Amino acid sequence: MKASTFFILTAFLLVLAAGFDWPYGFYQFLRIVVTVAAVIGMVVSISREAGVWCAFMGFTAILFFPGFGISFERETWVVIDVIVSMLFIVTAIRFRKPREAVNEAEKSTA
């Protein structure tokens, strides 16, 4: 497993865990991990020329960036966390293969 996939899956699990009651420090840690994972997702998306996916990841990075201090009600964060967790799991699945393998698979089906 590539390090980028591992980190994105770790962020996925932490976002799922955010639905439970945790100390405030966990949520600060979560924001940092999600921001870093989203930036990693952006880099992978750029390397795969997936512009729309890059935009999703960029929005996620901005939303969770601790320096901006964006805050919502807990119920809103639960919905956001579910959406972001789905985004991360799809990212991990979609970009798990190296770019060369994806290009070869596309050529063989054409």
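Scroll up to find the structure this text is about.
Being a predicted model, the structure only gives us computed values, none of them experimental.

1. A closer look at the overall build of the protein chain
Then comes step 1: Scanning the protein chain for helices and strands turns up five helices and zero strands.
Then comes step 2: Helices and strands in the protein chain line up, N terminus first, as α-α-α-α-α.
Then comes step 3: Residues counted as buried form 36% of the 110 residues belonging to the protein chain.
Then comes step 4: Summed over all atoms, the accessible surface of the protein chain reaches about 6800 Å², with 72% contributed by carbon and sulfur.

2. Thoughts on the nonpolar core
Nonpolar side chains tend to gather and get buried jointly when the protein is soluble and globular.
Then comes step 1: Counting 27 residues, the largest nonpolar core has V34, F64, V84 and F88 as its most contacted members.
Then comes step 2: If you tally residues by element for this core, the top one is helix α2 (residues 24–47), at seven residues.

3. Looking at the packing of aromatic side chains
Then comes step 1: Scanning all chains against the criterion turns up six aromatic pairs.
Then comes step 2: Measuring from centroid to centroid gives 5.7 Å for W53 and F56, while their planes differ by 80°, and the two rings are edge-to-face. Separated by three residues within a single helix, W53 and F56 lie in helix α3 (residues 51–64), roughly one turn from each other.
Then comes step 3: Assessed through its relative accessible area of 14%, W53 is described here as buried.
Then comes step 4: The class for F56 is partly exposed, based on a relative accessible area of 41%.
Then comes step 5: Between R94 and the ring centre of W53, over which it is positioned, the NZ or CZ distance is 5.1 Å.

4. Looking at the pattern of salt bridges
Then comes step 1: Throughout the structure, instances matching the rule amount to one salt bridge.
Then comes step 2: Of the charged contacts, one joins D21 and R74 as a salt bridge, the two residues approaching to 3.2 Å between their closest N and O atoms. Of the two residues, D21 sits in the loop between α1 (3–17) and α2 while R74 sits in helix α4 (residues 74–94), which places them 53 residues apart along the sequence.
Then comes step 3: Among the residues examined, D21 registers a relative accessible area of 70% and is labelled exposed.
Then comes step 4: Owing to a relative accessible area of 39%, R74 belongs among the partly exposed residues under this scheme.

5. Some words on α1
Then comes step 1: The end-to-end C-alpha distance of α1 is 21 Å, a good match for the 21 Å that 15 residues give at a rise of 1.5 Å each.
Then comes step 2: Among all positions in α1, only S4, T5, I8, A11, F12, L14, V15 and A17 are buried.
Then comes step 3: The inward-facing, buried residues of α1 contact α2 and α4.

6. Quick word on a nonpolar patch on the surface
Then comes step 1: A cluster of nonpolar side chains, contributed by V78, V79, V82, I83 and M86, occupies part of the molecular surface with about 430 Å² of accessible area.
Then comes step 2: The topology assignment puts I83 in helix α4.

7. Observations concerning the side chain of S45
Then comes step 1: Position of S45 among the secondary structure elements: in helix α2.
Then comes step 2: Under the relative-accessibility criterion, S45 is labelled buried at 0%.
Then comes step 3: Those residues in contact with S45 that lie beyond four places of it in its chain are A50, W53, C54 and F95.

What counts and how
- Sequence positions are assigned chain by chain, starting from 1 and proceeding in written order.
- Where local features are concerned, this predicted model is filtered to residues with pLDDT of at least 70; where side-chain atom pairs are given and counted, the filter is 80 or more; whole-chain, interface and lining totals use all residues.
- Remark: hydrogens and water are excluded; side-chain values derive from all non-hydrogen atoms of the structure.
- Secondary structure elements follow DSSP: runs of H or I of four or more residues count as helices, runs of E of two or more count as strands, with numbering from the N terminus.
- Between buried and exposed lies partly exposed: a residue is buried under 20% and exposed over 50% of the maximum accessible area for its type, with that area taken using a 1.4 Å probe on protein chains only.
- Per-residue accessibility takes into account occlusion by the displayed protein chains alone, with areas from the Shrake-Rupley method and a 1.4 Å probe.
- Among buried residues, those of type Ala, Val, Leu, Ile, Met, Phe, Trp, Tyr and Cys that are joined through side-chain atoms within 4.5 Å constitute a nonpolar core.
- Stacked, edge-to-face and tilted are the three classes for Phe, Tyr and Trp ring pairs, Trp counted by its six-membered ring, which pair at centre distances within 6.5 Å; planes under 30 degrees apart are stacked, over 60 edge-to-face, the rest tilted.
- Put simply, a charge is over a ring when the Lys NZ or the Arg CZ is close to the ring centre, within 6 Å, and near the line of the ring normal, within 35 degrees.
- Salt bridge criterion: a side-chain nitrogen from Lys or Arg within 4 Å of a carboxyl oxygen from Asp or Glu.
- Any helix carries an expected span of 1.5 Å times its number of residues minus one.
- The contact rule is simple, with two residues in contact once any of their heavy atoms fall within 4.5 Å.
- Two distance rules govern patches: like charges are joined within 9 Å, and nonpolar side chains (Val, Leu, Ile, Met, Phe, Trp, Tyr) within 5 Å, applied only to residues with over 30% relative accessible area and no salt bridge.

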